[in-house]
Amino acid sequence: MDLQLTEARPTDEERAAVDDLLGPPRGRWDGGERGTEDSRISRAGHEVREQRHLLLPALHAVQDRIGWISEGALNYVSMRLTVPPAEAYGVASFYALFATEERPPTVVHVCDDIACLPAGAERLCAEMERVIGPAGTPTSDGSTTWQRSPCLGMCEQAPAVLLQRAGHGARDRSIGGARAEGVLSELAGGGGSEAPGADAGTVAPQTASAEGRAELRLLRRVGVVDPESLDSYRAEGGYEALRLAVQMGPAGVIRELKDAKLMGRGGAAFPTGVKWEAVASQGTRPHYFICNADESEPGTFKDRVVMEHDPFALIEAMTIAGYTTASERGFIYIRGEYPLAEARLRHAIDEARDRGFLGEDVMGEGFSFDMEVRRGAGAYICGEETALLNSLEGQRGEPRSKPPFPVAIGLHGKPTGINNVETLINVLEILAIGGPSYAAIGTEGSTGPRLFCLSGAVERPGLYEAPFGLTLRELLASAGGVRGGGPPKAVLLGGAAGAFVGPGDLDLRLTFEDTREAGVTLGSGVVLVFDDETSLPEVLVRIAAFFRDESCGQCVPCRIGTVRQEEALQRLVRERPIGSREQELALLDEIATVMRDASICGLGQTAADAIASAISRLEVFAPQGAAQTEVLPTRTEEQES
């Protein structure tokens, strides 16, 4: 491939960052010096091109070391991986956590999304602006800047902050319950020797059962085991499920999953046993298995809690999935905003490999499976499974058209199984108690336990585990009820791609079938509660801005529809409609229909659902409601000003 590089060259530090990941270049094909022989023949070109999947890790290496990706660094990465610079730039500029323009080595990301917004995010942003300066501008010493951020996945500890630091030994750090003085103290302390995200806090497990921890199945080890000790995990029953799986054989595991009626917990609710069987039956080799840990749905944090506090459970479940589907290699694709979870997973994988629970001959049972962690870089769309596959392959995280489905043609064109964290850890419980016993938990159509991410205006926000079938009222009661004792003004189920329900819906049973009948969704388990102090129109504008930002731009209905949706909402909340309020509502309805019917993937298809539900169920833009609403400046306006 003839790479058209610019004249920009990497600095020694940028070159070292890439070489630390990829190793030194071996020849001119991958960025080395031209030798005498290279004028006649070059070797290893095919091998180098097969490393395209390392593009994101290479960009992370530069970003982590320098704090941004310069043109020279991009040229060097392009040479090392034989990727056209235009494509490398297209990838680097796709992800929000990468910077292609120079900026300070420390960036404070302040979440102003729908969970943090009512919890004081605007006050925190105002304080950051007072102390540091306007968003996006560096401090006088050039060391720090700050910017607003979409959901950071710490909604139970809102408002949340992510400190993104660059340099040797620097670590990103998450801060929950953030206050300006705490953030500034952290910045003043600097340093990178502490564990990443050490202040993330533990607010789980919570349980809706009167029996407390004794009833926990998925979260029973959270807060009990040492997340950095394999021995601690094994002392609490760890790796017994893998031994059972080997005794049953792949067909036996699939039979148990089908008997359990386990449905995926990521929103699509696809039968897990059917998916695993479809991958296992493919004749093409190799097979891959991927854990989708890129939970970016605003209001969702369940997978983070599991990965931070029970990482070996996910490693064991992935190994069972690899064994069952005849996959020899697995990936955990984790969102870039989870530094503590990433660190603990990497440690757990290393320890499991050292002790023979991963590798060429797992537990001496004669099968091979190994895995690695791949870090995302701030792109909500990569939670969509085919966008995730493209991201893993070093491409922009844009969804693929389906069919073909990943079970037949997935990662690198090979059969690939994909499940999220919650779905996978359910497998351990199924093998422990048996599929039929598991199916007896919950309801006929929604079996097993479920994790609920409770946040917002409740007395005890946190991660709750409960069997399917309890009502929304019961779930809120288990969290101490609505803060202040009154009824909720609204509850968002399923996150930004979900739907609002009102105080009259509290007896809704939380099951797949009941929510489907009610025209809402459980989605990723988000239960975000709003009280009377919350401006719902402001929340809707924030949801619209989120989808406008996160649309990958690949298909017109989503790319344009999300922009037009936000514009219409802005006009409504300011009572400056084009025409009448009814005409604006009709326009929103028309935009929703087009996005739902014509978008390629679930992002565009659901980008209007929460907004439409608030308008239809809660009458948010009824004349009297709009007149009483005070709307704060939005991010769109600030960016435009």
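Refer to the structure printed above.
Just so you know, these numbers come straight off a predicted model, no measurement behind them.

Basis of the calculations
- Residues numbered from 1 in each chain as written.
- Predicted model: local features only at pLDDT ≥ 70, side-chain atom pairs only at ≥ 80, totals over all residues.
- Heavy atoms only, no water.
- Salt bridge = Lys/Arg side-chain N within 4 Å of Asp/Glu carboxyl O.
- Helix = DSSP H or I, 4+ residues; strand = E, 2+ residues; numbered from the N terminus.
- Buried < 20%, exposed > 50% of the residue type's maximum accessible area, 1.4 Å probe, protein only.
- Pairing = 2+ DSSP bridges.
- Axes fitted to C-alpha atoms, helices over the stretch in contact; angles between N-to-C directions.
- Polar contact = N/O pair within 3.5 Å; in protein donor to acceptor, adjacent residues only side chain to side chain.
- Contact = heavy atoms within 4.5 Å.
- Patch = residues over 30% accessible without salt bridge, like charges linked within 9 Å, V, L, I, M, F, W, Y side chains within 5 Å.
- Areas by Shrake-Rupley, 256 points an atom, 1.4 Å probe, with all protein chains shown as cover.
- Lys, Arg positive; Asp, Glu negative; His and termini not counted.
- Charge placed at Lys NZ, Arg CZ, Asp CG, Glu CD.
- Core = buried A, V, L, I, M, F, W, Y, C linked by side-chain atoms within 4.5 Å.
- Phe/Tyr/Trp six-rings, centres within 6.5 Å; stacked < 30°, edge-to-face > 60°.

**Student:** Help me understand the pattern of salt bridges in this model?
**Tutor:** Any two side chains of opposite charge can pair, given that their charged atoms come close. One pass over the structure, following the stated rule, counts 47 salt bridges. Glu 186 is paired through a salt bridge with Arg 173; the nearest N and O atoms lie 3.2 Å apart. Residue Glu 186 is located in helix H7 (residues 180-189), and its partner Arg 173 is located in strand E4 (residues 173-175); the two are separated by 13 residues in the primary sequence. Like Arg 173, Glu 186 is buried. We note a salt bridge from Arg 571 to Glu 584, for which the minimum N-O separation is 2.5 Å. Remark: Glu 584 occurs in helix H21 (residues 581-598) and Arg 571 occurs in helix H20 (residues 556-573); sequence separation between them is 13 residues. The pair formed by Arg 571 and Glu 584 is uniform in burial state, with each residue classed as buried. Linked through salt bridges whose partners overlap, the residues forming this network are Asp 112, Asp 113, Glu 122, Arg 148 and Arg 542.

**Student:** Any chance you could explain the sheet that holds strand E1 (residues 106-111) here in plain terms?
**Tutor:** Paired through their backbone hydrogen bonds, the strands of a sheet run either parallel or antiparallel. Spatial strand order, E2-E1-E3-E4: 4 strands in an open sheet with mixed pairing. The sheet is open, and its two borders are formed by strand E2 (144-149) and E4, each paired with just one other strand. Ignoring which end each strand starts from, the neighbouring axes of this sheet average 20° apart. Looking at chain direction, strand E3 (residues 161-165) and E4 are connected through 3 bridges and run antiparallel. The residue of E4 that forms the bridge with Leu 162 is Ser 174.

**Student:** Sorry if this is basic, but what is going on with the side chain of Asp 310 here?
**Tutor:** Mapped onto the secondary structure, Asp 310 falls in the loop between helix H11 (302-309) and helix H12 (311-324). Reaching out from Asp 310, the side chain makes a polar contact with the side chain of Arg 221 at a distance of 3.1 Å. Those residues within four positions of Asp 310 in sequence are excluded, and the remaining contacts are Arg 221, Val 222, Val 225, Tyr 233 and Val 305.

**Student:** When you look at a negative patch on the surface in this model, what are you seeing that I'm missing?
**Tutor:** A contiguous patch of negative charge on the surface is contributed by Glu 328, Glu 360, Asp 361 and Glu 365. Tracing the sequence through the fold places Glu 360 in the loop between helix H13 (339-354) and strand E8 (370-375). Among the residues examined, Glu 360 registers a relative accessible area of 69% and is labelled exposed.

**Student:** I'm lost on the sheet that holds strand E7 (residues 327-334) in this one. Help?
**Tutor:** Taking strand neighbours across the sheet as the criterion, the 4 strands line up as E8-E7-E6-E9 in an open arrangement whose pairing is parallel. Whereas interior strands pair on both sides, the edge strands pair on one side only; in this sheet they are E8 and strand E9 (416-420). On average, each strand axis in the sheet is inclined to that of its neighbour by 20°, with strand direction left out of account. Here E7 runs beside E8; their pairing, made up of 6 bridges, is parallel. By the bridge assignment for E8, Ile 332 is matched with Val 373.

**Student:** Can you walk me through the nonpolar core in this structure?
**Tutor:** A general feature of soluble globular proteins is that nonpolar side chains tend to end up buried together. Judged by nonpolar contacts, the single largest core of 137 residues is most densely connected at Tyr 95, Trp 276, Ile 315, Ile 320, Ile 332, Phe 500 and Ile 543. With 9 residues, the single largest contributor to this core is H12. Filtering out sequence-adjacent residues up to four positions away, Ile 320 remains in contact with Ala 241, Leu 242, Ala 245, Val 253, Trp 276, Val 427, Leu 428 and Leu 431. Ala 269, Leu 470, Ala 479 and Val 520 belong to the second largest nonpolar core, which has 26 residues in total.

**Student:** When you look at the packing of aromatic side chains in this model, what are you seeing that I'm missing?
**Tutor:** What characterises a pair of aromatic rings is the spacing of the ring centres plus the angle enclosed by the ring planes. Counted under the stated rule, the structure contains 13 aromatic pairs. Ring plane angle 80° and centroid distance 4.8 Å describe the contact between Tyr 380 and Phe 546, whose orientation is recorded as edge-to-face. Taken together, the residues span a long stretch of sequence, with Tyr 380 in the loop between E8 and helix H14 (385-392) and Phe 546 in helix H19 (residues 536-550) at a distance of 166 residues. Accessibility classification places Tyr 380 together with Phe 546 in one group, the buried group. In this structure an aromatic cluster arises from ring pairing among Tyr 233, Tyr 239, Phe 312 and Phe 357.

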